[in-house]
Amino acid sequence: AETHEHVFERTYSKPLQYRCIVTVPDSYKADRDQRWPMILFLHGGGHPKPDALKQSIRGLTSLPAIVVAPICPPSADGERYTNWDWKHLGEVVREVGKMYRIDDKRRSVIGFSMGGSGAWELPSYQHDLFAKSVVIAGVCHPWSLRHYPKTQVWVFVGEKDYMRKEQQETVTSAKRFAVDVVETVWEGADHGGIFKNAMSYQRMLDWLVKDEDLRVAKRDDPDNTRE
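Computed from a predicted structure; not experimentally measured. (Residues numbered from 1 in each chain as written. Predicted model: local features only at pLDDT ≥ 70, side-chain atom pairs only at ≥ 80, totals over all residues. Heavy atoms only, no water.)

**Q** I'd love a proper account of the overall build of the protein, names of residues and values included.
**A** Assigned secondary structure in the protein consists of 8 helices and 8 strands. The C-alpha radius of gyration computed for the protein amounts to 18 Å, which stays within 12% of the reference 17 Å derived for 227 residues, consistent with globular compactness. The C-alpha extent of the protein, read off along each of the three principal axes, is 70 × 40 × 30 Å. Counting every position in the protein, which comprises 227 residues, the buried fraction comes to 48%. Looking at the protein alone, contacts between residues at least 24 apart form 73% of all its contacts between residues at least 6 apart. Seen as two clouds, the 32 positive and the 32 negative side-chain charges of the protein have centres 3 Å apart. (Helix = DSSP H or I, 4+ residues; strand = E, 2+ residues; numbered from the N terminus. Rg over C-alpha atoms; globule rule 2.2 N^0.38 Å. Buried < 20%, exposed > 50% of the residue type's maximum accessible area, 1.4 Å probe, protein only. Contact = heavy atoms within 4.5 Å. Lys, Arg positive; Asp, Glu negative; His and termini not counted. Charge placed at Lys NZ, Arg CZ, Asp CG, Glu CD.)

Take a look at the structure:
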């Protein structure tokens, strides 16, 4: 058999723009020297309107933190190919850090579904950015977990989620690679239900802005959750 070698080269160049909603605490202007925790919120699939996105992050905006919620631009190749770009998101976080008084040691990322997968993978590629991550109904390729940073990850899974198995397999892989992760399975919750439950779970929301170990917060899980 003959063996041939070919090189196919194309150049693709297009701008990538993230429109971001940024909220600051009411007391932000009162103390010019104070630095605040930052929470990056990554929404699920689709292209939400700003008003809908604001509704989704209500639980976060009540916290003493700066909340950054970008809108993922649609892919020119169709909705199936729309996804978060980890490199650009890292630049968004750094640019926001230049504009607002943010404590670099208290940055967190939280995401749902497509955004949950982003919350899994983003710390893997941006090692210096996030101390904490909350993954709601998200999955991650095991390769992204092999050299994970010291980011604490709290995963929320719906017992009736159609992708529950895949989500829990990701947690198993993460533990195999010594990722600092705990999992909460919410009984009776489907894919959409786990988002509503997690985003209204005050214990988790408080953990995002507290200097508290993940397992301390996990021990306070309510009765309707289990490992």
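Next comes the rest of the write-up.
**Q** Go over the pairing of strand 4 (residues 102-112), please, and point to the residues and values.
**A** Along any regular strand, the residues point their side chains to alternate faces of the sheet. As paired strands, strand 2 (residues 36-42) and strand 4 are joined by 6 bridges and run parallel to one another. Residue pairing across strands places isoleucine 39 opposite serine 108, the latter belonging to strand 4. The β-α-β motif built from strand 4, the intervening helix 4 (residues 114-125) and the parallel element strand 5 (residues 132-136) has right-handed crossover chirality. (Pairing = 2+ DSSP bridges. Right-handed = clockwise from strand over helix to strand, strands pointing away.)

**Q** Lay out the packing of aromatic side chains in plain terms, naming residues and giving numbers.
**A** This structure, assessed with the given rule, holds 13 aromatic pairs. Where phenylalanine 156 meets tyrosine 201, the ring centres are 6.1 Å apart and the plane angle is 80°; that geometry is what we call edge-to-face. One end of the pair, phenylalanine 156, is in strand 6 (residues 152-158); the other, tyrosine 201, is in the loop between helix 6 (191-199) and helix 7 (202-209), and 45 residues separate them in sequence. Each member of the pair, phenylalanine 156 as well as tyrosine 201, carries the same accessibility label: buried. Every member of this aromatic cluster is reached through a ring pair, and the members are Trp154, Phe156, Trp186, Tyr201 and Trp207. When the ring centre of tyrosine 28 is taken as reference, the NZ or CZ atom of arginine 101 above it lies at 4.1 Å. (Phe/Tyr/Trp six-rings, centres within 6.5 Å; stacked < 30°, edge-to-face > 60°. Lys NZ or Arg CZ within 6 Å of the ring centre and 35° of its normal.)

**Q** Can you explain the pattern of salt bridges? Please cite residues and give values.
**A** Two side chains that carry opposite charge are able to pair once their charged atoms sit near each other. Summed over all chains, the structure comprises 6 salt bridges. Residue arginine 94 pairs with aspartate 128 through a salt bridge whose shortest N-O separation is 3.2 Å. With arginine 94 in helix 3 (residues 86-99) and aspartate 128 in the loop between helix 4 and strand 5, the pair connects residues that are 34 residues apart, well separated along the chain. Here aspartate 103 and arginine 106 are joined by a salt bridge, their closest N and O atoms 3.0 Å apart. With relative accessibility at 31%, the residue arginine 106 sits in the partly exposed group. (Salt bridge = Lys/Arg side-chain N within 4 Å of Asp/Glu carboxyl O.)

**Q** Can you tell me about the state of the cysteines, naming the residues and giving the values?
**A** According to the stated counting rule, one finds 0 disulfides in the structure shown. Sulfur of cysteine 20: no disulfide; nearest cysteine sulfur belongs to cysteine 72 and is 11 Å away. Its relative accessible area of 0% is what places cysteine 72 among the buried residues. (Disulfide = S-S within 2.5 Å.)

**Q** Break down helix 3 for me, with residues and values.
**A** Between its first and last C-alpha, helix 3 extends 20 Å over 14 residues, near the 20 Å set by a 1.5 Å rise per residue. Taken together, the buried residues of helix 3 touch strand 1 (19-23), strand 2, strand 3 (66-71), strand 4 and helix 4. Between a side-chain oxygen at the N-terminus of helix 3 and the backbone nitrogen of lysine 87 the separation is 3.2 Å; the capping residue is aspartate 85. (Expected span 1.5 Å × (residues − 1). Polar contact = N/O pair within 3.5 Å; in protein donor to acceptor, adjacent residues only side chain to side chain.)

**Q** Please give an account of unusual backbone geometry that cites residues and values.
**A** We note that serine 113 has phi near 55°; this positive angle belongs to a residue other than glycine. Structurally, the position occupied by serine 113 is in the loop between strand 4 and helix 4. Under the relative-accessibility criterion, serine 113 is labelled buried at 18%. In this structure, alanine 178 takes a positive phi of about 65° despite not being glycine. Mapped onto the fold, alanine 178 is located in the loop between helix 5 (164-176) and strand 7 (181-186). By relative accessible area, alanine 178 is classed as exposed at 68%.

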